[in-house]
Amino acid sequence: MCDPVSIAVASMAISTAGALQAHSAQNKAYEKNAEMANQAKMDEDRMINLQEAQEQEAAATQSIEQNRQTQELAARANVAGGESGGFLNNNAVVQDIVRQGLESNTMTGQNLERTTAQLGEQRLGANTRAQSRINSVSKSSAAATGLKIAGNAINTGAQYNSGGFGKVE
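Residues numbered from 1 in each chain as written. Predicted model: local features only at pLDDT ≥ 70, side-chain atom pairs only at ≥ 80, totals over all residues. Heavy atoms only, no water.

Things to note about the overall build of the protein
Put simply, the rule is: Starting at the N terminus, helices and strands are each numbered in turn, a helix being any DSSP run of H or I of at least four residues and a strand any DSSP run of E of at least two. Contacts were defined at the residue level, with two residues in contact if any of their heavy atoms lie within 4.5 Å. In this description, accessible areas are obtained by the Shrake-Rupley approach with a 1.4 Å probe, and a residue is regarded as covered only by the protein chains that are shown.
The helix and strand inventory of the protein stands at three helices and zero strands. If you list the helices and strands of the protein from N to C, you get α-α-α. Sequence-distant contacts in the protein: of pairs separated by 6 or more residues, those separated by 24 or more amount to 88%. Put simply, the protein shows about 11500 Å² of open surface, and 58% of that area lies on carbon and sulfur atoms.

Re a nonpolar patch on the surface
Basically, it comes down to this: To count toward a patch, a residue needs a relative accessible area over 30% and no salt bridge; like charges are then connected within 9 Å, while nonpolar side chains (Val, Leu, Ile, Met, Phe, Trp, Tyr) are connected within 5 Å. Whenever a carboxyl oxygen of Asp or Glu lies within 4 Å of a side-chain nitrogen of Lys or Arg, that contact is scored as a salt bridge.
A cluster of nonpolar side chains, Val5, Val9 and Tyr160, forms an exposed patch at the surface whose accessible area comes to about 250 Å². Along the polypeptide, tyrosine 160 turns up in helix α3 (residues 142-161).

Brief notes about the environment of lysine 41
Selection criterion: Relative accessible area decides the class of each residue, using a 1.4 Å probe on protein chains only: under 20% of the type maximum gives buried, over 50% gives exposed, and in between gives partly exposed.
On the secondary structure map, lysine 41 appears in helix α1 (residues 4-84). The exposure class assigned to lysine 41 is buried, which follows from its relative accessible area of 16%. For the pair lysine 41 and asparagine 127, spaced 86 residues apart in sequence, the C-alpha to C-alpha distance is 6.9 Å.

Observations regarding the environment of glycine 146
Tracing the chain through its elements places glycine 146 in helix α3. It is 8.5 Å that separates the C-alpha atoms of glycine 146 and alanine 19, two residues lying 127 residues apart in sequence.

Describing the pattern of salt bridges
With the rule as written, the count across this model stands at eleven salt bridges. For the salt bridge of lysine 139 with glutamate 31, the shortest nitrogen-to-oxygen distance reads 3.9 Å. One end of the pair, lysine 139, is in the loop between α2 (87-135) and α3; the other, glutamate 31, is in helix α1, with 108 residues separating them in the sequence. For the salt bridge of glutamate 72 with arginine 76, the shortest nitrogen-to-oxygen distance reads 2.8 Å. Pair noted here: glutamate 72 and arginine 76 are both in helix α1, with a separation of four residues, about one helical turn. Taking relative accessible area as the criterion, glutamate 72 reaches 33% and is therefore assigned partly exposed. For arginine 76, a relative accessible area of 53% corresponds to the exposed category.

Considerations on the confidence of the model for the protein
The criterion, for reference: pLDDT is a per-residue confidence score from the predictor, ranging from 0 to 100.
Across the protein, pLDDT averages 86, with 89% of residues at or above 70. The element-level mean pLDDT for the protein is lowest in α3, coming to 83, with α2 highest at 90.

Regarding the environment of alanine 22
Summarising the element assignment, alanine 22 is placed in helix α1. On the basis of relative accessible area, alanine 22 is assigned to the partly exposed category, the value being 40%. Here the alpha-carbon distance between alanine 22 and serine 140, two residues 118 residues apart in the chain, equals 8.5 Å.

Given below as structure tokens:
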């Protein structure tokens, strides 16, 4: 024979252990999810930083090449002007070449600024995605777990009082 009080106590102990286990499992899921979201954010930031460095390097290389071409064209124009004797027209040609080189470098700089601004927006998006992912799994509430245990205790007591834990033979 099983004592009804022992059955009620065992039932309460099992339901309490289950509630505590669920509480612990939910907190572990929350922590793991937050850890993975933060790792994904760091990976995304690293990729954005790499892309930004590549864009900066490409812009610097392009500016150097544009400067080289401008200097080469200006030197050719000077030589051609010296050979032809047209110094006034030649000076205008050289100035035009230099202006075009400066405009090209300005555009390269503006394009880099736009790309950098876009990468900044991608970083903000990465922050938002990481926070959204963290928020998608809730942390277990100690109060909710306590209320669940209390509810189980009340149900067990009610079952005991109503004879729900009768004698088992």
